[in-house]
Amino acid sequence: MLRNYFVTAWRNFRRNKIFSFINVLGLAIGISAALVIFLIVHYDFSFDKFENGGDRIYRVVTEMKFAGSPYFNPGVPSPLQTAVRNDLTGIEEAAAFHLDYEQKVTVPKTNGVGQTIFKDQSDIIFASNAYFKLIPYQWLAGSASTALAGPFKVVLSEERAKTYFPDKNAEAIIGKQIIYNDSIKLTVSGVVSKLKENTDFNFKEFASLATISDAGLEGLKGNYSWDHWRSINGGSQLFIKLSPGSSVARTESQLKTILKKYNREANKDDKNITVFRLQPLNDLHFNSEYGNFDQRVAHKPTLYGLLIVATFLLLLGCINFINLTTAQASHRAREIGIRKTLGSSRTQLVLQFLNETFFITIIATILSILITPLLLNAFAEFIPPGLHLDLLHQPYLVVFLLLLILAVSLLSGFYPALFLSGYRPVLVLKNQAYSGTSTTRTAFLRMGLTVFQFFIAQVFVIATLVTVKQIHFILNRDLGFKKDAIITFSGAFDFEPPSPPGHKRYELLNELKTIPGIQMVSLGNSPPSSAGWSSELMSFRDGKKEIHTDVQKKNGDTNYLNLYHIKLLAGRNVQPSDTAKEYIVNETYMKALGFQNPHDILNKEINGKPIVGVMEDFNQESLHTPVKPLVYYSSSDGFTFHIALEPGDAEGNSWKSTIAQIGIAYKNVYPKDDFSYEFLDESIAKFYKSEEDISRLLKWATGLAIFISCMGLLGLVIYTTNQRTKEIGIRKVLGASVSQIVSILSRDFVALVMIAFLIAMPLSWWTMHKWLENFAYRTTINWWVFVLSGAIMLLIALITLSIQTIRAANANPVNSLRNE
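Note that the structure is predicted; figures quoted are calculated from it, not measured.

1. Structural notes on the overall build of the protein
- Secondary structure assignment for the protein yields 25 helices and 24 strands.
- Looking at the protein residue by residue over its 820 residues, the buried ones come to 50%.
- Long-range contacts, defined as pairs at least 24 residues apart, comprise 79% of the intrachain contacts of the protein with a sequence gap of at least 6.
- When the accessible area of the protein is evaluated, it comes to approximately 38700 Å², of which 57% is carbon and sulfur surface.

As structure tokens, this is what we get:
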């Protein structure tokens with residue numbers, strides 16, 4: 001019987017080639033989208049699921065509120081790690097570690113002659129043995145319990161060990177020496193293999209935490225604010241594992257008590273509050289407020305949105321199948337009547353039609369497996385690295401596909417199977433298969449499903465237009481400073497006694513000033529808008545009242561404000577100075593201190609230093625966040641060069657020449673370092689990569705939704721014109737023009753598209769309005785967005801309809817009426 005089912009399915013598939021093609025293509029697109037999206041979603045939700053007792057592991061983070069504005073910091077004061085071990089109960093383990101910046105690593109040759117230097121080595125942390133108790137590594141050499149006990153020890157990942165000691169095995173590396181920044185000598189005490197599971201803990205070197213606190217490294221202690229409760233460094237990480245039965249609320253309450261015990265100045269003001277929170281381990285990969293060690297942060301709403309997109313694309317393919325199958329029901333009525341007359345039960349007929357659906361779904365799935373690698377390549381820019389389709393080594397994918405085939409087969413085929421198997425053989429064989437009620441009911445169902453298809457397509461179109469409009473808005477908005485024709489790059493660490501610190505930077509600065517293509521050059525820290533920022537709790541006394549505010553800091557020379565065209569509203573520029581001696585504040589900080597007129601705040605003091613100017617607000621971060629309190633001061637410790645280029649030609653040749661000269665000057669001063677630069681406008685554009693990824697996905701989803709919907713519409717109009725062939729012939733004989741016939745055939749379908757548009761408008765507006773609330777600065781949803789989207793959808797529908805209606809209207813009526 002099963003063989004008979006498949007033979008019948010194959011014959012029906014071949015007999016209706018056009019409709020079979022539409023069904024297979026629609027389902028294949030939906031299944032491909034579902035497969036790609038499942039790969040992405042499964043990948044992101046699989047992070048850090050391997051840790052033992054992972055549901056009890058938390059990161060201690062800092063939540064602050066200054067002048068009513070919330071701030072989130074993934075770090076904690078460095079002394080908290082010791083206080084937690086001494087004063088916190090209900091925990092099984094506490095592991096502190098410090099994220100390190102890029103290090104210059106020197107590896108002495110094994111023969112004692114010469115050395116190998118590795119520049120800008122990243123993924124380094126200072127940790128203790130407790131880290132390896134929370135995050136389980138496979139040890140190739142050394143022991144987790146002793147490897148980081150004591151200062152000046154380091155554990156290497158297998159990858160980093162092969163980089164430093166390519167001719168040694170793991171055991172032979174133990175006892176070897178590496179040197180950080182020519183000053184910190186570390187002995188290799190262990191080698192671990194790379195974590196095979198998906199994780200955000202992708203560190204490659206683990207120096208002992210005790211190295212920081214060593215008495216001979218006071219400078220290193222200062223970098224990490226080792227003994228300061230009032231300084232919160234984002235690189236100072238603390239993870240704890242709660243004991244079974246311990247609650248988050250109780251632990252956070254104890255942390256509040258610890259903060260009060262060791263920092264009596266904290267939380268004296270209701271508007272300035274610092275609280276330690278517990279962030280679950282499974283939230284690390286998804287929380288952009290706290291971040292995950294500067295790695296890619298997944299966005300849960302986006303992932304859920306992708307699942308909705310996949311569901312809709314699958315539904316569109318299923319709707320095509322239902323519409324086309326029920327529309328062709330009359331062609332199979334006699335077959336059904338004969339089968340029932342010969343003894344087939346309704347159950348057997350339902351199974352037969354479900355088997356035909358299953359057969360088409362299998363073909364669509366095979367096609368989708370072939371399409372999926374192409375889609376993965378098309379979206380390679382924003383699909384997580386390493387994501388691929390490999391059914392042999394991804395058994396969960398096989399399970400997903402089997403469940404998907406079953407679900408699609410039932411969803412697509414169940415109603416058509418019930419509908420077709422319900423024919424009464426007596427009426428069928430008398431050519432009375434349809435009653436008026438059932439015909440009307442089925443027609444209404446097809447219309448409803450068609451409206452739903454174009455409703456989904458219309459929502460995608462509106463969402464795409466609004467997303468593109470917002471991206472254009474944020475990329476072209478005036479940020480309050482000049483961002484075009486500016487490049488930035490960092491100077492190398494150049495402390496070489498007996499020369500004063502920074503002497504090479506100033507040597508390079510002077511060389512740059514002689515290059516003709518440079519309009520202006522400044523030496524400072526980060527650009528006006530950057531992903532990283534530094535802040536400090538600053539005090540302002542207004543009479544008897546003292547106001548504490550967390551304030552972002554930027555520093556540089558006297559050219560900085562002029563180079564970036566940052567406008568002063570009152571006062572003057574800062575005077576050259578080695579350290580902060582006076583401040584310029586922004587409007588936001590001025591207003592937070594209670595002033596409205598910029599001139600009124602001049603000569604007031606913050607942290608005991610005078611305010612000499614007020615600058616116009618500019619966006620320090622992406623437009624997701626509002627402008628925050630900021631001070632600017634003069635300092636000589638800046639490592640970043642800011643260069644405004646002279647206006648260039650259309651091809652950019654003059655800029656290329658200037659940048660080449662800058663590179664030569666850099667190599668003259670830093671012969672051992674590589675020159676690397678970045679255009680400021682390009683670095684700012686990176687803030688919105690996720691939005692651009694969403695926009696690109698929406699464009700694809702919109703295109704696919706429109707394509708599937710129009711394929712279904714084309715199938716229905718082909719069926720309709722075939723059914724009305726004789727009517728068309730009679731109308732032509734009676735004098736109807738081609739345009740009149742096209743209008744008659746199209747108007748019902750156009751009405752369905754317009755109904756879908758009217759339903760989609762309010763839902764689309766509400767959805768995109770909620771999405772825009774993620775931005776502190778956003779575009780407006782204008783009326784023309786809806787008009788344009790409706791016009792686009794209507795035009796595409798008319799083009800699709802015209803493919804068949806014009807052909808039918810131009811047919812010779814003799815051919816359709818010769819049998820009458």
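Having put the structure on the table, let's press on.
2. Here's the deal with the packing of aromatic side chains
- Applying the stated rule across the entire model yields 44 aromatic pairs.
- Taking the centre distance of 5.7 Å and the plane angle of 65° together, the rings of Phe97 and Phe203 count as edge-to-face. With Phe97 in strand β3 (residues 91–99) and Phe203 in the loop between β10 (184–192) and β11 (205–208), this pair connects stretches of sequence that are 106 residues apart. Residues Phe97 and Phe203 agree in their burial class; the two are buried.
- Between Phe540 and Phe595, the aromatic rings sit 5.8 Å apart at their centres with planes inclined by 85°, giving edge-to-face as the arrangement. Here Phe595 lies in the loop between α18 (587–592) and β20 (605–606) and Phe540 lies in strand β16 (residues 534–542), a separation of 55 residues in the sequence.
- The structure contains a cluster of three or more aromatic residues connected by ring pairs, namely Phe97, Tyr131, Phe132, Tyr137, Trp139, Phe201, Phe203, Phe206, Phe239 and Phe293.
- One cation-aromatic arrangement involves Lys300 over Phe286; the distance from NZ or CZ to the ring centre is 4.9 Å.
- Positioned above the aromatic ring of Phe639 is the side chain of Arg505, whose terminal nitrogen or guanidinium carbon lies 4.1 Å from the ring centre.

3. Some remarks on the pairing of strand β21 (residues 609–615)
- For β21, the buried fraction is high: five of the seven residues fall into the buried class.
- Bridge analysis of strand β18 (residues 568–571) against β21 gives three bridges, and the strand direction is antiparallel. Within β21, the residue paired with Gly571 across the bridge is Gly613.
- Of the pairings in the sheet, the one linking strand β19 (residues 583–586) to β21 comprises four bridges and is parallel in character. In the strand pairing of β21, Val585 is matched with Val614.
- Note: β20 against β21, two bridges, orientation antiparallel.

4. Focus: the pattern of salt bridges
- Counted under the stated rule, the structure contains 13 salt bridges.
- In this structure, Glu92 engages Lys241 in a salt bridge whose closest nitrogen and oxygen atoms are separated by 3.6 Å. With Glu92 in strand β3 and Lys241 in strand β12 (residues 236–242), this pair connects stretches of sequence that are 149 residues apart.
- Residue classification places Glu92 among the partly exposed positions, given a relative accessible area of 42%.
- For Lys241, a relative accessible area of 6% gives the class buried.
- Notably, a salt bridge pairs Arg572 with Glu582, separated by 2.9 Å at the nearest N-O pair. Placement of the pair is Arg572 in the loop between β18 and β19 and Glu582 in the loop between β18 and β19, with a sequence separation of 10 residues.
- Using a relative accessible area of 12% as the deciding quantity, one classes Glu582 as buried.
- One salt-bridge network, in which partners are shared between bridges, spans Arg56, Glu92 and Lys241.

5. Structural notes on the layout of surface pockets
- Looking at the second largest pocket, its volume works out to about 980 Å³.
- Pro301, Gly305, Leu306, Val309 and Leu698 are the residues nearest the centre of the second largest pocket, which is lined by 36 residues in total.
- For the lining of the second largest pocket, the elements supplying multiple residues, two or more each, are α2 (17–45), α10 (300–327), α15 (436–476), α21 (689–723) and α23 (738–772).
- Along the lines of polarity and charge, the residues of the lining of the second largest pocket split into 28 nonpolar, seven polar and one charged.

6. So, the nonpolar core
- If you look at the biggest cluster of nonpolar residues, it comprises 107 residues, and the most contacted ones within it are Phe454, Phe481, Tyr564, Ile566 and Met615.
- Once residues lying within four places of it in the same chain are set aside, the contact partners of Phe481 are Pro528, Ser529, Tyr564, Ile566, Phe618, Asn619, Leu680 and Ile684.
- Counting 41 residues, the second largest nonpolar core, distinct from the first, contains Ile91, Ile124, Phe165 and Ala207.

7. Focus: unusual backbone geometry
- Backbone geometry places Asp48, a non-glycine residue, at a positive phi of 50°.
- Assignment of secondary structure puts Asp48 in the loop between α2 and β1 (57–66).
- One non-glycine residue, His565, lies in positive phi territory at about 55°.
- Looking at the element boundaries, His565 is found in the loop between α17 (560–563) and β18.

8. Some remarks on the confidence of the model for the protein
- Of all residues in the protein, 88% have pLDDT values of 70 or greater, and the mean over the chain is 83.
- Segment residues 495–501: pLDDT under 50, and four contacts once partners within four positions in sequence are set aside and those in other chains are kept.

9. Let's talk about the environment of Ile456
- Residue position: Ile456 is located in helix α15.
- With 253 residues separating them in the primary sequence, Ile456 and Ser709 have C-alpha atoms 9.1 Å apart.
- Each residue touching Ile456, except ones within four places of it in the same chain, is listed here: Phe312 and Leu316.

10. Some thoughts on the side chain of Asn555
- Position of Asn555 among the secondary structure elements: in strand β17 (residues 545–556).
- We classify Asn555 as buried; its relative accessible area is 5%.
- Polar contacts involving the side chain of Asn555 include one to the side chain of Tyr633, which spans 3.3 Å.
- When neighbours within four sequence positions are excluded, Asn555 is seen to be in contact with Gly524, Asn525, Tyr632, Tyr633, Ser635, Asp637 and Gly638.

11. Describing the packing of helix α3 (residues 80–87) against helix α9 (residues 248–262)
- At a minimum axis distance of 11 Å, the contact between α3 and α9 shows a crossing angle of 120°. Taken together, the axis directions place α3 and α9 in an arrangement best described as oblique. By crossing handedness, the relation of α3 to α9 is classed as right-handed. Taken together, the residues of α9 that come into contact with α3 (itself represented by Leu80, Ala83, Val84 and Asp87) are Gln254, Leu255, Ile258, Lys261 and Tyr262.
- Looking at side-chain class alone, the contact of α3 with α9 contains six nonpolar, one polar and two charged residues.

12. Looking at the packing of α2 against helix α12 (residues 346–378)
- Across the interface, α2 lies against α12 with an axial gap of 7 Å and an inter-helix angle of 50°. Considering their axes alone, α2 and α12 lie oblique with respect to each other. You can see that α2 and α12 cross each other, and the crossing is right-handed. Across the interface between the two elements, Asn23, Val24, Leu27, Ala28, Ile31, Ser32, Leu35, Val36 and Leu39 of α2 pack against Ile360, Thr361, Ile363, Ala364, Thr365, Leu367, Ser368, Ile371, Thr372, Leu375 and Leu376 of α12.

Calculation rules
The written sequence of each chain sets the order in which its residues are numbered from 1. Only residues with pLDDT of at least 70 get local features here, since the model is predicted, and only at 80 or more are side-chain atom pairs given and counted; chain-wide, interface and lining totals rely on the full set of residues. Side-chain metrics rest on all non-hydrogen atoms present in the structure, leaving aside hydrogens and water. Numbering goes from the N terminus for both helices and strands, where a helix is a DSSP run of H or I of at least four residues and a strand is a run of E of at least two. Think of it in three bands: with a 1.4 Å probe and only protein chains considered, a residue is buried below 20% of the maximum accessible area for its type, exposed above 50%, and partly exposed in between. We call two residues in contact whenever any of their non-hydrogen atoms come within 4.5 Å of each other. Note on areas: these come from Shrake-Rupley sampling with a 1.4 Å probe, and a residue is covered only by the protein chains present in the view. The rule is short: rings of Phe, Tyr and Trp, with Trp giving its six-membered ring, pair when the centres are within 6.5 Å, and they are stacked under 30 degrees, edge-to-face over 60, tilted in between. For a lysine, the NZ atom is tested; for an arginine, the CZ atom; a charge sits over a ring if that atom is within 6 Å of the ring centre and within 35 degrees of the ring normal. In this description, strands pair whenever DSSP reports at least two bridges between them. The term salt bridge refers to a side-chain nitrogen of Lys or Arg lying within 4 Å of a carboxyl oxygen of Asp or Glu. Within this scheme a cavity is a closed region of a 1 Å grid, computed over the protein atoms alone, that accommodates a 1.4 Å probe without allowing it to escape, whereas a pocket is open but has protein on both sides within 12 Å along at least five of seven lines; lining residues each have an atom within 4 Å of a point. Grid points are joined across faces, edges and corners, and a volume is the space filled by probe spheres set on the points. For this classification, Asp, Glu, Lys and Arg are treated as charged, while Ala, Val, Leu, Ile, Met, Phe, Trp, Tyr, Cys and Pro are nonpolar and the rest, including Gly, are polar. Remark: nonpolar core denotes a set of buried residues (Ala, Val, Leu, Ile, Met, Phe, Trp, Tyr, Cys) joined through side-chain atoms within 4.5 Å. The predictor rates its confidence in each residue with pLDDT, a number between 0 and 100. Residues adjacent in sequence count toward polar contacts only when both atoms are side-chain atoms; beyond that, a polar contact is any pair of N or O atoms within 3.5 Å, and within protein one must be able to donate a hydrogen and the other to accept it. Fitting a line to C-alpha atoms yields each axis, with helices limited to the stretch in contact; the angle taken between N-to-C directions then spans 0 to 180 degrees. Angle categories: roughly parallel below 35 degrees, roughly antiparallel above 145, roughly perpendicular from 65 to 115, and oblique for all the rest. Should the near helix be turned anticlockwise from the far one by less than a right angle, the crossing is termed left-handed; should it be turned clockwise, right-handed.

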